[in-house]
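Topology and contacts: notes
Residue strings, one per chain:
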Amino acid sequence: MDLAYTEEEEEFRARLREWLAEVLPKLPPRPDPLDWPARRAYDMGWQRMLYDAGYAGLHWPVDAGGRGATPTQHLIFLEETETAGAPYVGAGFVGLLHAGPTIAAEGTAEQRARWLPPVLRGDEVWCQGFSEPDAGSDLASLRTRARRDGDDYVVSGSKIWTSHAEVADWCELLVRTTPVSDAAPKHRGITWLALPMDAPGVTVRPLRTLAGSTEFAEVFLDEVRVPVANRVGAENDGWRVTMVTLSFERGTAFVGEVVACRRVLGALARTARANGRWDDAVLRRRLGRLGAEFTALWRLTQWNVSEAQRTGGLPGIGGSVFKLRYSHARQELYDAAAEVLGAGALDADHEWVADRLSALSYTIAAGTSQIQQNIVAERILGLPKGR
C-alpha cells in the first residue's frame, strides 16, 4: 500500500478528529473493570454513537451494513480513536471482529440481515465458543456434539475460555456433527452454529483470570436445541468457516492494540525521565528497540489489511506472522514497564501492572505461538509438517 496519505484520507482524518473532540468529553465515567454488565452497557453505548455517526463497521462491505471504507481509512480510524483515548470495542469484541465478519463473508442473506445490524448498532453481544478443556490448540479435537432432530440440532458438551459469555446474547459455537472415523477425519465433521445464549440448557460459569477479571467463562450445554437455520455454512464444513473466523481474529483483531502499545511506550519514556530511570543506557536502548518493533508491526498491519482488501476482505496468513511477533512484543513492552516502575511494579492497582498480567495470555490466546510458528513454517516457508 502507498504509505503516503491522500488529500481525501487527510480530510477523513480531520473530520474524525473533529467528531471525537466533540463527543468524547460527553461520555459517562468508565465503569468498574470487574462490572461486566456495566461494561457491556458502556461499550454498547459507545458502539451506538459510532453507528449513529456512520463509523460503525467502517471497513465492512456495504452490503453487510458497513461503509466499505478503504484499508487506509480503517487504519486512520483505529489510529485516531486510540490516540484520542476513545473506548475500545470491549464487550463487542467477538461480534465486531470475529463473528460479524464471518457471517458477512459466509452467511446467507437472511443471516446477514438478522445478525449484522444488531452487532453494528450495539444491540447484541456475541461470545466465542470454540475451545474446550481437551481441545485448545488442537481445536479439531473438540467433542461437543450436535445431533440433527428435525429442524434443530440438539447440542451437548462444554466450552471453556468463552469470551464475554456472561453478558452475551449469541455464541459462535463449534460442534461435532459427524463422529471421527477413518472415513471422517476430525477436521471434516465440525459445524459452525449461532447459539442463542438464553436457550434452555445453557449454563455459564465465569472464570476469574490472574488479573482478577471475568471476561472468560465455562459454558455447559445440556441438550440445547439450536435451529438448523442458525448454521453458517454447510453441515460438516465448519472447519473451513472456522478458518475464516480465525483469519479475522489473527489478522485484524489486534490492530488497535498496536496503536495502544505505541502510546504506552511513549508514556514509559516520559515516566522514565521523571523518575530517573532514563539515565540507564540499557533501558533506553530497550525502549528504542521496542519503538522500532511496534513501528514495524504497524507497517505489517498496513500490509496485511491491504492484502485483505486485495483478496476480497479476508485476512491472509500474514496475520499469523503479526500475531506471533505481536504477542511477544507486548510481553516485552510490559516487562520494560515493570523495569521503569521499579517497586511500583508490585502495585496491583496500577494500570501497567494489570496490563502486564494480561499480556501473559497473549502467546496463548487466539492461537498459541507454537501454532503460529507451524502456520508460518508450513504455509509461508513451505516446510514439511512436523511428525
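Residues numbered from 1 in each chain as written. Predicted model: local features only at pLDDT ≥ 70, side-chain atom pairs only at ≥ 80, totals over all residues. Heavy atoms only, no water.

**Here's the deal with the pairing of strand E2 (residues 145–149)**
Two strands pair when backbone bridges link them, and E2 and strand E3 (residues 152–159) are joined in this way by 5 bridges, in the antiparallel orientation. Bridging from a neighbouring strand, alanine 146 pairs with valine 155 of E3. (Pairing = 2+ DSSP bridges. Helix = DSSP H or I, 4+ residues; strand = E, 2+ residues; numbered from the N terminus.)

**Brief notes about the pattern of salt bridges**
Two side chains of opposite charge can pair, provided their charged atoms sit close to one another. Enumeration according to the criterion identifies 23 salt bridges in this entry. As a salt-bridge pair, arginine 240 and glutamate 106 come within 2.9 Å of each other at their nearest N and O atoms. Of this pair, arginine 240 sits in helix H6 (residues 238–251) while glutamate 106 is found in helix H4 (residues 93–106), placing the two residues 134 residues apart along the sequence. A salt bridge links arginine 277 to aspartate 280; its shortest N-O distance comes to 3.8 Å. The class of aspartate 280 is partly exposed, set by a relative accessible area of 25%. Among the charged side chains, a network of salt bridges with common partners joins Glu10, Arg13, Arg17, Glu79 and Glu80. (Salt bridge = Lys/Arg side-chain N within 4 Å of Asp/Glu carboxyl O. Buried < 20%, exposed > 50% of the residue type's maximum accessible area, 1.4 Å probe, protein only.)

**Here we look at the confidence of the model for the chain**
In the predicted model, the chain carries a mean pLDDT of 83, and the fraction of residues at 70 or more is 80%. By mean pLDDT, helix H11 (residues 369–380) is the weakest element of the chain at 61, and E3 is the strongest at 97. (pLDDT = per-residue confidence, 0-100.)

**Digging into the packing of aromatic side chains**
Overall, the coordinates contain 8 aromatic pairs when judged by the stated rule. Ring centres of tryptophan 19 and tryptophan 46 lie 5.6 Å apart, and the angle between their planes is 35°; on these two criteria the pair is classed as tilted. Of this pair, tryptophan 19 sits in helix H1 (residues 7–23) while tryptophan 46 sits in helix H2 (residues 36–53), and the two are 27 residues apart along the sequence. The exposure classification of tryptophan 19 matches that of tryptophan 46, with both residues buried. A centroid spacing of 5.5 Å and a plane angle of 70° characterise the contact between tryptophan 115 and tryptophan 170, whose relative ring orientation is edge-to-face. You can see tryptophan 115 sitting in helix H5 (residues 109–121) and its partner tryptophan 170 sitting in strand E4 (residues 170–176), a full 55 residues away along the chain. With relative accessibility at 3%, the residue tryptophan 115 sits in the buried group. A relative accessible area of 11% places tryptophan 170 in the buried class. (Phe/Tyr/Trp six-rings, centres within 6.5 Å; stacked < 30°, edge-to-face > 60°.)

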